[in-house]
Amino acid sequence: MQSAEQERNLSRTAEIFMSNGRLDDAIATYQQLVSLNPILADAWYNLAYLYRCKRQFDAAITAYRMALSNGIERPEEVHLNLAVILSEHLDQVGQAKVELDTALQLNPDFIAALLNLGNLQEDLGQPEQARSSYQKVLTIEPANGRAIGRIAMIDIFQGKARETVPVLQSALNTRSAKADDRAEIGFALGHALDALGDYDDAFAALVAANSTMRQATPPGYRYNPEAHQRLVDDLIRVFPARPAGDADSSTGVPLFICGMFRSGSTLTEAILA
């Protein structure tokens with residue numbers, strides 16, 4: 001009886017720490033909780049999430065595995081989280097695909113896993129397999145903007161921008177499309193028009209897509225230039241100068257590689273490194 005009450009208290013305390021952004025305290029509390037009762041799948045899941053927030057990816061994977069072994073509900077979501085860590089942070093693309101395949105075996109209609117699989121297949125240079133994954137999404141959710149936009153980007157890459165434009169314009173006019181779907185489609189339309197040299201219309205499409213995306217984003221998650229400036233200033237204060245005697249560079253000048261999403265910045269970093 002005392003143990004059950006202790007579990008409830010630890011769980012409530014951990015949740016309070018999480019909601020207040022006290023991640024280290026939340027981690028310590030969940031560690032205490034799973035030490036007390038190692039079969040609490042939800043506690044392992046929350047601990048994995050916290051490790052992921054702290055970029056402790058190996059620990060996160062271990063915790064996710066414990067959540068799975070203890071019968072977590074909706075295990076397909078855990079396999080998706082594992083795939084994201086493996087592909088985006090640990091460069092284990094093959095193992096990430098195994099996790100996505102497992103998620104889809106558990107739930108063939110899991111849209112997030114299908115979208116991630118398509119993205120992974122694009123990164124692997126498998127456009128037709130990616131197209132197939134996105135098409136599966138559209139059989140489940142015909143107005144899904146991410147799937148429509150990614151298929152369009154594959155078509156643009158394959159020189160079919162002209163055929164893509166009317167498809168995207170028609171999708172934009174679909175009444176069932178939500179704001180974030182219209183934004184995704186609008187960005188793809190901008191790229192298609194840009195590929196055709198129609199720069200004025202491309203710019204207008206991208207401006208409209210950005211506006212739609214901003215409206216669809218909750219206020220707390222919108223880009224705030226003042227807050228970002230404060231973040232940069234805080235980083236400069238924490239790291240005011242490069243350590244003396246750094247032998248990793250012959251010039252002593254750091255090189256920053258910046259780029260938009262999917263623009264090749266990660267590949268550039270890998271080549272230069």
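Since the structure is predicted, the reported quantities are computational estimates derived from the model, not experimental observations. (Residues numbered from 1 in each chain as written. Predicted model: local features only at pLDDT ≥ 70, side-chain atom pairs only at ≥ 80, totals over all residues. Heavy atoms only, no water.)

> I'd like a description of the overall build of the protein, backed by residues and values.
Looking only at helices and strands, the protein features 14 helices and 0 strands. Along the protein, helices and strands appear, N-terminal first, in the series α-α-α-α-α-α-α-α-α-α-α-α-α-α. Its C-alpha atoms give the protein principal-axis dimensions of roughly 70 × 55 × 35 Å. Residue burial in the protein is summarised as follows: out of 273 residues, 33% are buried. Long-range pairs, those at least 24 residues apart, make up 44% of the contacts in the protein between residues at least 6 apart in sequence. Accessible surface, the protein as shown: approximately 17,000 Å² in total, 54% of it carbon and sulfur. Taking the average place of the 24 positive charges on the side chains of the protein and the average place of its 34 negative ones, the gap between the two points comes to 3 Å. (Helix = DSSP H or I, 4+ residues; strand = E, 2+ residues; numbered from the N terminus. Buried < 20%, exposed > 50% of the residue type's maximum accessible area, 1.4 Å probe, protein only. Contact = heavy atoms within 4.5 Å. Areas by Shrake-Rupley, 256 points an atom, 1.4 Å probe, with all protein chains shown as cover. Lys, Arg positive; Asp, Glu negative; His and termini not counted. Charge placed at Lys NZ, Arg CZ, Asp CG, Glu CD.)

> So what's going on with the nonpolar core? Residues and values would help.
In terms of nonpolar packing, the biggest core is built from 61 residues, with Tyr 30, Leu 47, Leu 100, Tyr 134 and Leu 168 touching the most fellow members. Sequence-distant contacts of Leu 168, that is, excluding residues within four places in its chain, are made with Ile 148, Ala 152, Ile 185, Ala 188, Leu 189 and Ala 192. (Core = buried A, V, L, I, M, F, W, Y, C linked by side-chain atoms within 4.5 Å.)

> How would you sum up the packing of helix 9 (residues 145-157) against helix 10 (residues 161-172)? Please name residues and give values.
Where helix 9 meets helix 10, the closest approach of the two axes is 9 Å, and the angle between their N-to-C directions is 165°. Our classification of the angle between helix 9 and helix 10 gives roughly antiparallel. Both helix 9 and helix 10 take part in a crossing whose hand is left-handed. Taken together, the residues of helix 10 that come into contact with helix 9 (itself represented by Ile 148, Ala 152, Asp 155 and Ile 156) are Ala 161, Thr 164, Leu 168 and Ala 171. Considered class by class, the residues forming the contact of helix 9 with helix 10 number 6 nonpolar, 1 polar and 1 charged. (Axes fitted to C-alpha atoms, helices over the stretch in contact; angles between N-to-C directions. Parallel < 35°, antiparallel > 145°, perpendicular 65-115°, else oblique. Left-handed = near helix turned anticlockwise from the far one by under 90°. Nonpolar A, V, L, I, M, F, W, Y, C, P; charged D, E, K, R; others polar.)

> Give me a nonpolar patch on the surface: which residues, what numbers.
There is a patch of nonpolar side chains on the surface, built from Leu 231, Leu 235, Val 238 and Phe 239 and spanning about 420 Å² of accessible area. Inspection of the secondary structure assignment puts Leu 231 in helix 13 (residues 225-238). (Patch = residues over 30% accessible without salt bridge, like charges linked within 9 Å, V, L, I, M, F, W, Y side chains within 5 Å. Salt bridge = Lys/Arg side-chain N within 4 Å of Asp/Glu carboxyl O.)

> Can you lay out the pattern of salt bridges for me, pointing to particular residues and giving the numbers?
Two side chains carrying opposite charge are able to pair once their charged atoms lie near each other. Summed over all chains, the structure comprises 12 salt bridges. The partner of Glu 184 in a salt bridge is Arg 146, and the shortest N-O contact between them spans 2.7 Å. Placement of the pair is Glu 184 in helix 11 (residues 179-195) and Arg 146 in helix 9, with a sequence separation of 38 residues. Judged by its relative accessible area of 40%, Arg 146 is partly exposed. For the salt bridge of Arg 237 with Asp 234, the shortest nitrogen-to-oxygen distance reads 2.2 Å. Here Arg 237 and its partner Asp 234 are both found in helix 13, 3 residues apart, which amounts to about one turn of the helix. Overall, the relative accessible area of 37% leaves Asp 234 in the partly exposed class.

> So, the side chain of Asn 144: which residues are in play, and what are the values?
For Asn 144, the location among the structural elements is in the loop between helix 8 (127-140) and helix 9. Given the relative accessible area of 6%, Asn 144 is considered buried. One polar contact links Asn 144 to Glu 141, side chain to side chain, over a distance of 2.7 Å. Here Ala 147 takes part through its backbone nitrogen, which lies 2.9 Å from a polar atom of the side chain of Asn 144. (Polar contact = N/O pair within 3.5 Å; in protein donor to acceptor, adjacent residues only side chain to side chain.)

> Can you break down the environment of Asn 119 residue by residue, with the values?
Structurally, Asn 119 can be placed in helix 7 (residues 111-123). In the structure, Asn 119 is positioned 31 residues away from Arg 150 in sequence and 8.4 Å away in space, judged by C-alpha atoms.

> With reference to specific residues and values, describe helix 10.
The end-to-end C-alpha distance of helix 10, which contains 12 residues, comes to 16 Å, matching closely the 16 Å that a straight helix rising 1.5 Å per residue would cover. Check the buried side of helix 10 and you find it contacts helix 9 and helix 11. (Expected span 1.5 Å × (residues − 1).)

> Hey, could you go over the packing of aromatic side chains for me, with residue numbers and the actual values?
On inspection of all chains with the given rule, the structure shows 1 aromatic pair. Here Tyr 45 and Tyr 64 contribute two aromatic rings whose centre-to-centre distance is 5.7 Å and whose plane-to-plane angle is 70°, an arrangement assigned as edge-to-face. On the criterion of sequence distance, the pair formed by Tyr 45 in helix 3 (residues 41-53) and Tyr 64 in helix 4 (residues 57-69) is long-range, its members being 19 residues apart. For Tyr 45, a relative accessible area of 24% translates into the label partly exposed. What makes Tyr 64 buried here is its relative accessible area of 1%. (Phe/Tyr/Trp six-rings, centres within 6.5 Å; stacked < 30°, edge-to-face > 60°.)

In short, geometric facts, not functional conclusions.
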